[in-house]
Amino acid sequence: MQSSLLNQLNNLKKNQKTAPILPYKAQCSLLFDFKFANVISAEEVYEIGYQGLIELTKIDEKFEKYLKALFSSTSKYFNREMIPKSEIKTFDAQLKNLLIDLSEYFYNKNSHQVIEYLIKVYKVNLYLSVEFIFPFLCYYQDKIFIKMLQNINFNEHPTFLFLENFAKDSVVIPEETM
């Protein structure tokens with residue numbers, strides 16, 4: 001019995017991702033400074049993301065399919081570590097598709113609200129870092145893209161290591177770099 005429980009705990013520990021290097025006890029956020037990101041509730045983040053998705057749905061009905069799948073009223077309590085791997089694959093596929101769909105509307109503040117929700121609830125910046133950044137690479141000269149970069153862990157994703165200093169210094173990426 002004890003070894004089974006120990007094995008389960010070890011598996012959970014292996015599957016956990018490390019957060020980006022942020023100020024002490026800071027939480028990841030696209031919209032808020034790190035201090036406010038620590039105090040905003042799951043309900044508030046849900047409302048922000050949900051309202052953003054509703055507004056995007058008015059512009060493009062392709063976003064409707066995400067309402068039930070990723071924005072249910074219970075999704076704000078999503079815990080990846082407690083979900084079976086088979087279900088995680090389904091969630092991840094939906095999250096990847098949503099990120100791609102959001103990239104088309106990156107300059108719309110509603111997409112930023114949805115991305116905030118995805119960071120807080122599904123931790124896409126940790127578990128799907130590559131998919132979190134790639135759809136938005138064409139916006140590399142925008143400050144909100146730099147804010148996105150500040151939410152990933154460069155140590156776990158060396159693909160983006162060349163962008164780390166821009167994220168740390170909050171500096172827009174020059175064209176020559178890309």
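Residues numbered from 1 in each chain as written. Predicted model: local features only at pLDDT ≥ 70, side-chain atom pairs only at ≥ 80, totals over all residues. Heavy atoms only, no water.

Undergrad: Quick question: what am I supposed to make of the overall build of the chain here?
TA: If you tally the helices and strands in the chain, you get 10 helices and zero strands. Each helix (α) and strand (β) of the chain, taken in turn from the N terminus, gives the series α-α-α-α-α-α-α-α-α-α. Every one of the 178 residues in the chain was classed for burial, and the buried ones make up 46%. Surface summary for the chain: the accessible area is close to 10,200 Å², and the carbon and sulfur share equals 54%. (Helix = DSSP H or I, 4+ residues; strand = E, 2+ residues; numbered from the N terminus. Buried < 20%, exposed > 50% of the residue type's maximum accessible area, 1.4 Å probe, protein only. Areas by Shrake-Rupley, 256 points an atom, 1.4 Å probe, with all protein chains shown as cover.)

Undergrad: Can you walk me through the environment of Ile100 in this structure?
TA: Tracing the chain through its elements places Ile100 in helix α5 (residues 85-103). By relative accessible area, which is 48% here, Ile100 ends up partly exposed. Taking the C-alpha atoms as reference points, Ile100 and Ile133, separated by 33 residues in sequence, lie 9.9 Å from one another.

Undergrad: Is there a simple way to explain the packing of aromatic side chains in this structure?
TA: The way to describe two aromatic rings as a pair is by their centre distance and the angle between their planes. In total, this model carries 15 aromatic pairs according to the counting rule given. With 4.7 Å between their ring centres and 55° between their planes, Phe78 and Tyr122 make a pair best called tilted. A residue pair is termed long-range when its members are at least 10 positions apart, and Phe78 in the loop between α4 (65-70) and α5 and Tyr122 in helix α6 (residues 109-122) qualify at 44 residues. When its relative accessible area of 15% is taken as the criterion, Phe78 is described as buried. On the basis of relative accessibility, which here comes to 1%, the residue Tyr122 falls in the buried class. Taking 6.0 Å as the distance between ring centres and 35° as the angle between the ring planes, the aromatic pair formed by Phe91 and Tyr122 counts as tilted. Of this pair, Phe91 sits in helix α5 while Tyr122 sits in helix α6, and the two are 31 residues apart along the sequence. With relative accessibility at 17%, the residue Phe91 sits in the buried group. By the ring-pair criterion, three or more aromatic residues cluster together here, those being Tyr46, Tyr50, Phe71, Phe78, Phe91, Tyr117 and Tyr122. Against the face of Tyr46 rests Lys76, its NZ or CZ located 4.8 Å from the ring centre. (Phe/Tyr/Trp six-rings, centres within 6.5 Å; stacked < 30°, edge-to-face > 60°. Lys NZ or Arg CZ within 6 Å of the ring centre and 35° of its normal.)

Undergrad: Mind showing me how you'd approach the nonpolar core here?
TA: Burial of nonpolar side chains together is a common tendency in soluble globular proteins. By size, the foremost hydrophobic cluster in this structure holds 48 residues, and its most contacted members are Leu118, Tyr122 and Leu149. Elements with a contribution of two residues or more to this core: α3 (42-59), α4, α5, α6, α8 (129-133), α9 (143-149) and α10 (164-169). Apart from the residues lying within four places of it in its own chain, the contact partners of Tyr122 are Ala69, Leu70, Ser75, Phe78, Arg80, Phe91, Leu95, Tyr117 and Tyr127. (Core = buried A, V, L, I, M, F, W, Y, C linked by side-chain atoms within 4.5 Å. Contact = heavy atoms within 4.5 Å.)

Undergrad: Sorry, what's going on with α5 here?
TA: Side chains three or four residues apart in an α-helix point the same way, a direct result of the helix having 3.6 residues per turn. If you check α5, its first and last C-alpha atoms are 27 Å apart, about what 19 residues at 1.5 Å a residue would give, namely 27 Å. Of all the positions in α5, only Ile88, Phe91, Asp92, Leu95, Leu98, Leu99, Asp101, Leu102 and Ser103 are classed as buried. Buried positions along α5 lie against α3, α4, α6, α7 (124-127) and α8. (Expected span 1.5 Å × (residues − 1).)

Undergrad: Is there a simple way to explain α6 in this structure?
TA: Compared with the 20 Å implied by 1.5 Å per residue over 14 residues, the 19 Å span of α6 between its first and last C-alpha is a close match. The element α6 is largely enclosed, with a buried count of 13 among its 14 residues. With a side-chain oxygen positioned 2.8 Å from the backbone nitrogen of Asn110, the residue opening α6 is Asn108. Just downstream of α6 lies Lys123, where phi reads positive at about 50°. (Polar contact = N/O pair within 3.5 Å; in protein donor to acceptor, adjacent residues only side chain to side chain.)

Undergrad: Help me understand the environment of Cys28 in this model?
TA: Here Cys28 is to be found in the loop between α1 (2-15) and α2 (34-39). Distance in space between the C-alpha atoms of Cys28 and Glu116 is 8.8 Å, their sequence separation being 88 residues.

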